[in-house]
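An overview of the molecular structure
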Amino acid sequence: MKIFCVANQKGGVGKTTTTVNLAAGLAKIGQRVLMVDLDPQGNATMGSGVDKRKLELSVYDVLLESASIKEAAVKSEKVGYSVLGANRDLAGAEVELVALEHRDQRLRTALQEVSGDYDFVLIDCPPSLSMLTLNGLCSAHGVIVPMQCEYFALEGLTDLVNTIKQVHANLNKDLQIIGLLRVMFDPRITLQQQVSDQLKAHFADKVFNAVIPRNVRLAEAPSYGLPGVVFDPSAKGSQAFVEFASEMVERIKKM
Ligand code: ADP
Ligand code: MG
């Protein structure tokens, strides 16, 4: 079982879209997937066909050790993967965790119990470098960083790279950046092409081959409670995510 965080401290960069569509893409090619929503907004939960308002148990209960993942995760049949959901309760976890021991290792410990049940665990992180994100980073073998090829994209990356280095040095020596995923890409925009070239020059093979285009079907899918890959498999964006899923399957063979 390999565990990946989808992280970028910026909001609206495509983390949740990447998490649910990669999960659906992996499920589609026969992988057993658990999606963990670590964002109190619960968008990845809703976008996986699970109603966050009706969750009996959530990732909050897992972090506070009042439930196991086996108890709290639900298989979402529509999307083909399991969901450890989140809702507003999770916003309180941040404060409640502060007083507890091993507060950054809670998710890691809980995941050990399901290591035989899944091939991939994908963790959707909130747009901050908080205790929740830290729980994700301490659990993971790698970080997938979705990014838009815009002027300030590289600047924003510095903080994330430094945080990952610190976590690697002090808390989780397995952790590495698996790769940068170019999302919402529009090749007609010269600047995006230039930033994309820059990324490849600086980060070489840390830039995934798959590129996710800007595609309205991916943006529409969440309102139907589905990842684009399930909502409209023929859309360009959905096809790109299935390609990305295959690339991830190849990548983990080298880990
Ligand atoms: P984050 O989780 O980083 O805040 P989201 O995944 O929620 O970002 O994406 C932000 C917005 O951009 C959402 O409205 C989403 O539907 C839209 N979006 C994400 N990826 C794409 C894409 N490839 N094409 C078009 N819209 C996208
Ligand atoms: Mg999100």
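Residues numbered from 1 in each chain as written. Chains lettered and ligands numbered in written order. Predicted model: local features only at pLDDT ≥ 70, side-chain atom pairs only at ≥ 80, totals over all residues. Heavy atoms only, no water.

**With respect to the site of ligand 1**
Taken together, 14 residues are adjacent to ligand 1, and G12, K15, T16, T17 and N215 come closest. Here an oxygen atom of ligand 1 sits 2.8 Å away from a polar atom, N or O, in the main chain of G12. K15 places a side-chain nitrogen or oxygen 2.9 Å from an oxygen atom of ligand 1. Protein chains bury 76% of the 570 Å² of accessible surface belonging to ligand 1 in isolation. Of the pockets mapped on this structure, ligand 1 occupies the largest pocket. Of all the elements in the fold, those that place two or more residues in the shell around ligand 1 are helix 1 (15-28), strand 8 (207-213) and helix 10 (216-220). No other element matches the three residues that helix 1 contributes to the shell around ligand 1. Of the residues in the shell around ligand 1, the class split is six nonpolar, six polar and two charged. (Near = heavy atom within 4 Å. Polar contact = N/O pair within 3.5 Å; in protein donor to acceptor, adjacent residues only side chain to side chain. Areas by Shrake-Rupley, 256 points an atom, 1.4 Å probe, with all protein chains shown as cover. 1 Å grid on protein atoms, 1.4 Å probe; cavity = no way out; pocket = protein on both sides within 12 Å on 5 of 7 lines; lining within 4 Å. Sits in = over half its atoms within 2 Å of the grid points. Helix = DSSP H or I, 4+ residues; strand = E, 2+ residues; numbered from the N terminus. Nonpolar A, V, L, I, M, F, W, Y, C, P; charged D, E, K, R; others polar.)

**Side note on the pairing of strand 8**
As defined by bridge partners, strand 7 (residues 176-185) adjoins strand 8 across three bridges and the pair is classed as parallel. Considered in strand 8, the bridge of R182 is made with V211. Following the backbone out of strand 7, through helix 9 (residues 190-203) and into the adjacent parallel strand 8, one traces a crossover that is right-handed. (Pairing = 2+ DSSP bridges. Right-handed = clockwise from strand over helix to strand, strands pointing away.)

**Here we look at the nonpolar core**
The biggest cluster of nonpolar side chains holds 48 residues, and the ones touching the most others in it are L34, V36, I69 and I123. No other element matches helix 8 (residues 153-170), which puts six residues into this core. Discounting residues that sit within four places of it in the chain, I123 has contacts with I3, F4, C5, V6, T19, V36, L38, L107, G136 and S139. A24, A44, V83 and I252 belong to the second-largest nonpolar core, a separate cluster that totals 35 residues. (Core = buried A, V, L, I, M, F, W, Y, C linked by side-chain atoms within 4.5 Å. Buried < 20%, exposed > 50% of the residue type's maximum accessible area, 1.4 Å probe, protein only. Contact = heavy atoms within 4.5 Å.)

**What to know about the sheet that holds strand 5 (residues 120-124)**
Read from one edge of the open sheet, eight strands run 3-4-2-5-1-6-7-8, paired in mixed fashion. Both edges of this open sheet fall to strand 3 (74-76) and strand 8, since each of them pairs with a single strand only. For this sheet, the mean angle separating the axes of adjacent strands, direction not counted, is 25°. Running over the sheet, helix 9 touches strand 6 (142-147), strand 7 and strand 8 and is turned about 170° from strand 7. (Axes fitted to C-alpha atoms, helices over the stretch in contact; angles between N-to-C directions.)

So, to be careful, I would describe these as geometric facts and stop short of saying anything about function.
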